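As a plain string of letters, each chain reads:
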Amino acid sequence: MAYSQLLVGIKRNFGVLLCAKAQKCKINECPRLPRRYRHANVIKAEYRKVTDPHYNKGMGYTHDERQKLNVIGLFPSAYRSEAEQISAVNANFHAQQSDLARYLYLRTLRSRQERLYYRFVIEKIEEVMPIIYTPTVGAVCQAFSLIYHSTMGLYVSKYDKGYMTDVLSNWPNTDIRAVCVTDGERILGLGDLGAGGMAISVGKLDLYTALAKVPPQYLIPVVLDVGTNNQQLLSDPLYIGVREKRCKGKEYEDLVQEFMDAVVKVWGYQTLIHFEDFSTPNAFKFINMYQDKYCNINDDIQGTASCGLAGFLAVEHITKKPLKDHTVLFVGAGSAALGISKLLVKELISRKLSEEEAVKNIYITDVEGLITKDRQKFDIPDLKLFAKDRPPVKDLEQLVKEIKPSILLGATGQGGIFTENILRIMGSENEHPAIFACSNPTNKAECTAEQAYNFTEGRALFASGSPFPPVVINGKRLIPTQANNAFAFPGIALGVMCTHPRTISDDVFLVAAHEIAKYCREFYPNDAALYPPIKEAANVAFSVGVAVAKFLIDERKANVYPIPTNVCEFVQSYQYYTERHATLPLTWEYPNMSAPLPKGDDKDCKN
Ligand SMILES: NC(=O)C1=CN([C@@H]2O[C@H](COP(=O)(O)OP(=O)(O)OC[C@H]3O[C@@H](n4cnc5c(N)ncnc54)[C@H](O)[C@@H]3O)[C@@H](O)[C@H]2O)C=CC1
Ligand SMILES: CC(=O)C(=O)O
Ligand SMILES: [Mg+2]
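Residues numbered from 1 in each chain as written. Chains lettered and ligands numbered in written order. Predicted model: local features only at pLDDT ≥ 70, side-chain atom pairs only at ≥ 80, totals over all residues. Heavy atoms only, no water.

In its Sequence similarities (unreviewed entry) section, the UniProt record describing the chain reads: "Belongs to the malic enzymes family." (UniProt positions renumbered as here; feature names shortened; annotations may be inferred.)

Next comes the structure, spelled out in structure tokens:
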């Protein structure tokens with residue numbers, strides 16, 4: 001051996017020794033050791049980290065990085081900057097033949113390169129939201145057993161009774177700060193979809209990150225699988241859930257209770273528990289049981305309430321008529337309609353009306369007709385407040401003729417029940433009739449944007465739960481906005497998650513409603529829109545997050561120390577920025593996620 005080669009060998013071995021000492025690892029695990037001498041398990045572990053979706057840059061690893069990470073040859077030789085990767089994703093997204101295919105494409109991207117996925121979703125939110133959220137997510141929940149390809153979240157079943165803390169502890173991330181849980185019983189307006197409800201939990205949490213920029217590693221979608229009463233699923237050989245009728249009564253309540261306690265035990269009392277798409281009686285039962293005990297929200301009741309009230313505040317602003325003078329007809333007496341009506345009453349009471357005065361002009365119907373005092377039974381006790389002392393009316397058109405509402409809000413899950421006649425009556429009685437067709441997905445909307453505008457000569461103030469395209473009437477382009485709780489829950493979650501309150505009171509939802517309405521007024525100073533456009537939804541979520549955090553801090557409900565002097569900056573420091581987060585350092589240490597982030601393209605935070 002030549003003398004020089006010997007020197008190189010000694011130098012390398014000495015280097016390996018020093019490096020192994022510094023890294024506190026065994027010599028055959030040392031990254032300085034040539035790859036062929038290193039332990040196979042170490043090489044596999046390294047490769048797993050490089051391709052871990054949380055860090056993976058795919059073809060975005062430079063040659064230098066590939067060399068340092070020992071992955072040369074494991075990616076194609078071309079390098080693609082993140083911008084180039086986004087273009088490639090965009091091309092692929094549009095090349096897919098159907099919305100379901102676009103959804104699946106995005107899921108596989110998410111399971112390969114999380115950061116690229118969120119960057120794409122954030123940049124193209126208007127195109128992507130109808131895919132990862134309503135309406136496509138509804139079709140995904142329906143086809144979930146067929147298209148199931150990877151875990152996506154945690155499945156906690158009735159068979160885990162007694163072991164839920166163990167099941168929750170199986171999730172690989174330990175620092176969990178919000179859980180979105182569904183039992184799949186009322187998925188959008190599509191009914192009982194059992195374990196297929198996983199996609200709705202995933203979709204909601206995707207919006208936490210895409211809109212409110214909550215770091216995705218803090219979030220976990222959950223299905224509480226207690227069976228299903230959907231006969232089609234029960235007889236589907238591919239069904240992925242518990243193939244039994246739903247458990248109910250005490251057995252069901254005990255399961256939910258164990259789940260709540262397990263969340264607190266495994267991830268802490270400050271973990272936000274977001275209830276999604278439970279059946280209305282259960283949704284109200286749990287919010288009444290848990291609101292003062294756990295840090296939880298029911299999105300369908302409370303998130304929708306913020307969003308609905310924000311729309312009504314916009315109606316008040318546009319029509320220049322105080323809310324107390326509007327006659328509001330809620331069609332549907334479920335989580336959504338009741339949640340909004342209760343928050344509307346709270347708002348009116350805050351304006352010095354008595355409860356009796358506040359409910360005077362609020363009417364609610366369900367499938368049986370107008371809710372009146374002579375009802376024998378109220379499935380949901382909260383409904384009693386709105387019962388009218390007058391003869392019942394079953395026919396919706398008749399009722400609209402009689403009470404002449406200025407605001408008509410549908411949340412029934414029954415597509416098309418706002419008929420031409422009903423819409424024409426609304427148009428003849430009001431200069432600007434407000435029509436909210438809140439039901440999801442699109443085919444469940446009570447009317448389309450086109451119908452609402454056509455039958456009111458374009459004068460309607462219209463918003464819908466799922467998106468509708470613009471409508472042209474007499475040469476005027478009318479752009480419908482979206483009355484969806486997506487304007488509320490991401491920001492509320494952000495404000496809550498960075499301030500750690502023990503519980504969440506109804507006032508928080510009032511704060512959120514006013515913030516959304518304020519944003520809309522500022523965005524459309526001279527225009528007649530009920531909500532901001534979706535491209536503004538991330539800014540709305542940030543404003544709501546800051547307002548909620550400020551409120552919780554001012555009310556001494558926050559558990560943060562020291563108390564932040566600039567709440568805007570404080571909230572921002574919690575957020576996820578794809579360009580700043582989750583790059584793999586070139587040593588084999590995981591990055592410290594709580595370390596301060598480098599400064600980026602921050603919002604102007606003048607408190
Ligand atoms: N846009 C949004 O942000 C949200 C929309 N929703 C949508 O609202 C719809 C309803 O969901 P939930 O409030 O949970 O209610 P639900 O599904 O528990 O109840 C529906 C209500 O509508 C009533 N109803 C059914 N047919 C009717 C008819 N022909 N006339 C009058 N009332 C009728 C039922 O009696 C019941 O009171 C779903 O489509 C859901 O997707 C729910 C939450 C938020
Ligand atoms: C938007 C929503 O939460 C629902 O339709 O259930
Ligand atoms: Mg929902």
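Text resumes after the structure shown.
Caption draft 1: Representation of the site of ligand 2 within the structure. Around ligand 2, the neighbouring residues are Y133, R186, L188, K204, E276, D277, D299, D300, N440, N484 and N485. Within the side chain of R186, one N or O atom sits 2.9 Å away from an oxygen atom of ligand 2. Take D300: an N or O atom from its side chain is 3.0 Å from an oxygen atom of ligand 2. Surface burial for ligand 2 is 90%, taken as the share of its 220 Å² of free accessible area covered by protein chains. Its residues assigned to classes, the shell around ligand 2 comprises two nonpolar, three polar and six charged. (Near = heavy atom within 4 Å. Polar contact = N/O pair within 3.5 Å; in protein donor to acceptor, adjacent residues only side chain to side chain. Areas by Shrake-Rupley, 256 points an atom, 1.4 Å probe, with all protein chains shown as cover. Nonpolar A, V, L, I, M, F, W, Y, C, P; charged D, E, K, R; others polar.)

Caption draft 2: How the structure looks around the sheet that holds strand β1 (residues 154-157). Pairing is parallel in the open sheet, where five strands are placed in the order β1-β3-β2-β4-β5. Looking along the sheet, the strands with just one partner apiece sit at the ends: β1 and β5 (296-298). Within this sheet the neighbouring strands show an average axis-to-axis angle of 25 degrees, counted without direction. Note: strand β4 (residues 272-275) against β5, three bridges, orientation parallel. From the neighbouring strand, H274 faces β5, where its bridge partner is I297. Contacts from helix α11 (residues 198-212) reach β1, β2 (178-182), β3 (219-225) and β4 within the one sheet, and its direction differs from that of β3 by about 160 degrees. The strands touched by helix α15 (residues 299-319) within the sheet are β4 and β5, with β5 carrying the most contacts at an inclination of about 80 degrees. (Pairing = 2+ DSSP bridges. Helix = DSSP H or I, 4+ residues; strand = E, 2+ residues; numbered from the N terminus. Axes fitted to C-alpha atoms, helices over the stretch in contact; angles between N-to-C directions. Contact = heavy atoms within 4.5 Å.)

Caption draft 3: Expanded view of the confidence of the model for the chain. Confidence along the chain averages 92 in pLDDT terms, with 91% of residues attaining 70 or more. Across residues 587-598, where pLDDT falls below 50, the model places 20 contacts with residues more than four positions away in sequence or in other chains. (pLDDT = per-residue confidence, 0-100.)

Caption draft 4: Summary view of the pairing of β2. The element β2 is largely enclosed, with a buried count of five among its five residues. Neither face of β2 is exposed, since A178, C180 and T182 on one face and V179 and V181 on the opposite face are all buried. Where β2 meets β3, five bridges bridge the pair, whose relative direction is parallel. Bridge pairing in β3 places T182 opposite V223. Crossover β2 to β3 through α11 is right-handed. Examined bridge by bridge, β2 and β4 share four bridges and lie parallel to one another. Paired with C180 across the two strands is H274, which belongs to β4. (Buried < 20%, exposed > 50% of the residue type's maximum accessible area, 1.4 Å probe, protein only. Right-handed = clockwise from strand over helix to strand, strands pointing away.)

Caption draft 5: Examining the environment of G138 more closely. Mapping G138 onto the fold places it in helix α8 (residues 136-142). Separated by 55 residues in sequence, G138 and L193 have C-alpha atoms that sit 9.6 Å apart. Once residues within four sequence positions are removed from consideration, G138 is found in contact with L188 and L190.

Caption draft 6: Highlighting the coordination of the magnesium ion (ligand 3). The magnesium ion (ligand 3) binds to the protein through E276 (OE), D277 (OD) and D300 (OD); the donor distances cover 2.0 Å. Positions of the donor residues of the magnesium ion (ligand 3), expressed as sequence spacing, correspond to E-D-x22-D. In this pair, D277 sits in the loop between β4 and α14 (280-290) while D300 sits in helix α15, placing the two residues 23 residues apart along the sequence. Side by side, D277 and D300 carry an identical accessibility label, which is buried. (Donors = N, O, S within 2.8 Å, 3.2 Å for Na, K, Ca; no water.)

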